[in-house]
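In case you want the letters, here they are:
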Amino acid sequence: MSYCPTTRWGSASHASSRAAWSVPVGGTDLPLIVAWLVVAGLVFTGWFGLVQIRKFRLAVDVVRGKYDEEGSAGEVNHFQALTAAVSGTVGLGNIAGVAVAVSIGGPGATFWMILCGLLGMATKFVEVTLGVKYREVHADGTVSGGPMHYLPKGLADRFGKNGKTLGKVLAVLASFMILFFGLFGGNLFQVNQSYAQLVSVSGGENGALGSSAGALFFGILIAALVGIVLLGGIRSIANVTSKLVPAMAGIYIAACLVVILVNVTAVPDALASIVKGAFNPEGVAGGVLGALIIGFKRAAFSNEAGLGSAPIAHSAVKTKHPASEGLVALLEPFIDTVVICTMTALTIVIANPASWAEARAGESIGGVTITSDAFGTVLPWFPCILTIAVMLFAISTVLTWGYYCLKAWTYLFGRSKASELIFKVLYTLFAVAGSLLTLQTLIDMADAILFMLAVINIIGLYLLAPVVKRELNSFLEFVRARKASETGHADEDPELVKTTA
């Protein structure tokens, strides 16, 4: 999730810092949502026998289209569905949030961030498989999915009438939570952050964009871009993100590699400090537990595993086997957290900019500044490119959350053209407001709602996990049959998952 802990208007940290949603543990605060998400990752990793590791190669093959089937319902292919969902998670949190994490938790936070990302892969696999399994394909070929669909349908399948009633209540609650959080956290806050970064590199408050007129112009420009793409639906969003996300992620990772290669002699010491800091951190509140919590916090909020948002985008995929897209989805936390977040952390640790040392000493320095300074040690011109990346990542996040919110809106208020138009106008107006103000109270409320959304969604995932096992078995049987038809003989080891009640 694209969150940055500081803004032009002051503190605007995520739910992770809300005292009301944390408990003191070992000298530091443990956010309840982080504990809830990490436990889910552990449970599903064990339940599905390390599916994120054993089936990683198969997931890559599915993305490449190796197991596509003619005539499958859906709107986008596996790769487009993946990039659309990744666009909602890769952003400011990967660039600025990671810098704050390694400043507060030290290099060791990186180790725990990677571990949490790996656990989140299993959770993402479960929720996206359910999203495709219980999606609704409309007469015009469009698709609706997400917790508002798999909670009532899935619970009705498993528990009958009582399950259906409970599922409907949970679906309505989940829809309201996705809608509210998307408007404020996925839209207003993203525009706010990208505008703040643009102002910081264009002369600050006294620069050309520092005035109210500059803010209004920026807000209208972003709103126009978002509105045009939203009118095209998921196909339009997927077409944009399938080009935008790989391009910007590629440029960003390439820049990280340049910094790392220029300082290649410092790599062994940096890796050693990450491992050592994970188990013996110095100057971190709560010691090892503090570094662990900070690393888990960054990863949990970055990849959105367990929140039920990504299944909305993945549900539009063209497939006849729900578990095929579940496997594709487990690549999402890997790309977002294990690759991009880790590259950011490693770049900062290796470059060791002065601003990072100052931040670790307790000075208040924005996360984007630290990351920008790290690149600036080798690529003096890269902060300008970073600003463009921040803006494009933020825009892609706004687009994806616009689609998530639209599906929540139409579930609550119907799919009529008038209903959809009202939402799109409302969403674009929020984009304009994002450059002009920050409604901190509402942002805080959105954070609390995010926690409740995670609770509702993951309870549903626990109850429906046996359904996911059956779907995985079905897809693995299909893969085995496809391979047998191609090679002329069956595989000796189909690696089927044992179905349990």
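Residues numbered from 1 in each chain as written. Predicted model: local features only at pLDDT ≥ 70, side-chain atom pairs only at ≥ 80, totals over all residues. Heavy atoms only, no water.

1. Some words on the packing of aromatic side chains
Part 1 of the reasoning: Following the criterion strictly, the structure yields 19 aromatic pairs and no others.
Part 2 of the reasoning: With 4.9 Å between their ring centres and 65° between their planes, F56 and F334 make a pair best called edge-to-face. Placement of the pair is F56 in helix α3 (residues 56–63) and F334 in helix α14 (residues 331–351), with a sequence separation of 278 residues.
Part 3 of the reasoning: Take F56: its relative accessible area is 25%, and that puts it in the partly exposed class.
Part 4 of the reasoning: Classification of F334 by relative accessible area gives partly exposed; the value is 25%. (Phe/Tyr/Trp six-rings, centres within 6.5 Å; stacked < 30°, edge-to-face > 60°. Helix = DSSP H or I, 4+ residues; strand = E, 2+ residues; numbered from the N terminus. Buried < 20%, exposed > 50% of the residue type's maximum accessible area, 1.4 Å probe, protein only.)

2. Here's the deal with the environment of A73
Part 1 of the reasoning: For A73, the position within the fold is in the loop between α3 and α4 (78–87).
Part 2 of the reasoning: Of the residues examined, A73 reaches a relative accessible area of 32% and is grouped as partly exposed.
Part 3 of the reasoning: Considering only alpha carbons, one finds A73 and K318, 245 residues apart in sequence, at a separation of 5.2 Å.
Part 4 of the reasoning: In this view, A73 contacts R135, V137, V317, K318 and T319; residues no more than four positions away in its chain are not counted. (Contact = heavy atoms within 4.5 Å.)

3. Quick word on the packing of helix α17 (residues 382–413) against helix α18 (residues 417–434)
Part 1 of the reasoning: Two elements in contact, α17 and α18, have axes whose closest approach is 10 Å; the angle formed by their N-to-C orientations is 140°. Classed by the angle they form, the pair α17 and α18 counts as oblique. Considering the relative orientation of α17 and α18, their crossing is right-handed. Along the contact surface, α17 presents V398, W401, G402, C405, L406, W409, T410 and F413, while α18 presents S419, E420, I422, F423, K424, L426 and Y427.
Part 2 of the reasoning: Looking at the contact of α17 with α18 residue by residue, the class counts come to 10 nonpolar, three polar and two charged. (Axes fitted to C-alpha atoms, helices over the stretch in contact; angles between N-to-C directions. Parallel < 35°, antiparallel > 145°, perpendicular 65-115°, else oblique. Left-handed = near helix turned anticlockwise from the far one by under 90°. Nonpolar A, V, L, I, M, F, W, Y, C, P; charged D, E, K, R; others polar.)

4. Thoughts on unusual backbone geometry
Part 1 of the reasoning: For L50, which is not a glycine, the phi torsion comes out positive at approximately 55°.
Part 2 of the reasoning: Along the chain, L50 falls in the loop between α1 (32–47) and α2 (51–54).
Part 3 of the reasoning: Taking the relative accessible area as the measure of exposure, L50 reaches 43% and is therefore partly exposed.
Part 4 of the reasoning: Its identity is not glycine, yet N352 carries a phi of approximately 50°, on the positive side.
Part 5 of the reasoning: Mapped onto the elements of the fold, N352 is located in the loop between α14 and α15 (354–360).
Part 6 of the reasoning: The class of N352 is partly exposed, set by a relative accessible area of 47%.

5. Brief notes about the pattern of salt bridges
Part 1 of the reasoning: In this structure the tally under the stated criterion is four salt bridges.
Part 2 of the reasoning: Its salt-bridge partner being E332, residue K124 comes within 3.1 Å of it at the nearest N-O pair. Linking K124 in helix α6 (residues 109–133) with E332 in helix α14, this pair joins segments that are 208 residues apart in sequence.
Part 3 of the reasoning: Ionic pairing is found between K133 and E471, a salt bridge with its closest N-O pair at 2.9 Å. Pair noted here: K133 is in helix α6 and E471 is in helix α19 (residues 440–487), with a separation of 338 residues, a long-range link.
Part 4 of the reasoning: Residue K133 is classed as partly exposed on the basis of its relative accessible area, which comes to 35%.
Part 5 of the reasoning: For E471, a relative accessible area of 13% corresponds to the buried category. (Salt bridge = Lys/Arg side-chain N within 4 Å of Asp/Glu carboxyl O.)

6. Thoughts on the side chain of H321
Part 1 of the reasoning: Tracing the chain through its elements places H321 in the loop between α12 (310–314) and α13 (322–329).
Part 2 of the reasoning: On the basis of relative accessibility, which here comes to 13%, the residue H321 falls in the buried class.
Part 3 of the reasoning: If near-sequence neighbours (up to four positions away) are discounted, H321 is found in contact with E69, S474, F475 and F478.

7. So, empty space enclosed by the protein
Part 1 of the reasoning: By the definition in use, this model includes two cavities of 30 Å³ or more.
Part 2 of the reasoning: One number sums up the size of the largest cavity: a volume of about 70 Å³.
Part 3 of the reasoning: Lining the largest cavity, in full, are L37, V38, G41, C116, L119, G120, T123, A299, A300, N303 and A305.
Part 4 of the reasoning: Of all elements in the fold, only α1, α6 and α11 (287–303) reach the threshold of two or more residues within the lining of the largest cavity.
Part 5 of the reasoning: The greatest single-element share of the lining of the largest cavity, amounting to four residues, is contributed by α6.
Part 6 of the reasoning: Tallied by class, the residues present in the lining of the largest cavity amount to seven nonpolar, four polar and no charged.
Part 7 of the reasoning: In this structure, the second largest cavity occupies an estimated 40 Å³ of space.
Part 8 of the reasoning: The wall of the second largest cavity is formed by V62, Y67, D68, E69, H78, T319, H321, S324, F475 and F478.
Part 9 of the reasoning: Of the residues assigned to the lining of the second largest cavity, the class counts are four nonpolar, four polar and two charged. (1 Å grid on protein atoms, 1.4 Å probe; cavity = no way out; pocket = protein on both sides within 12 Å on 5 of 7 lines; lining within 4 Å. Points joined across faces, edges and corners; volume = space filled by probe spheres on them.)

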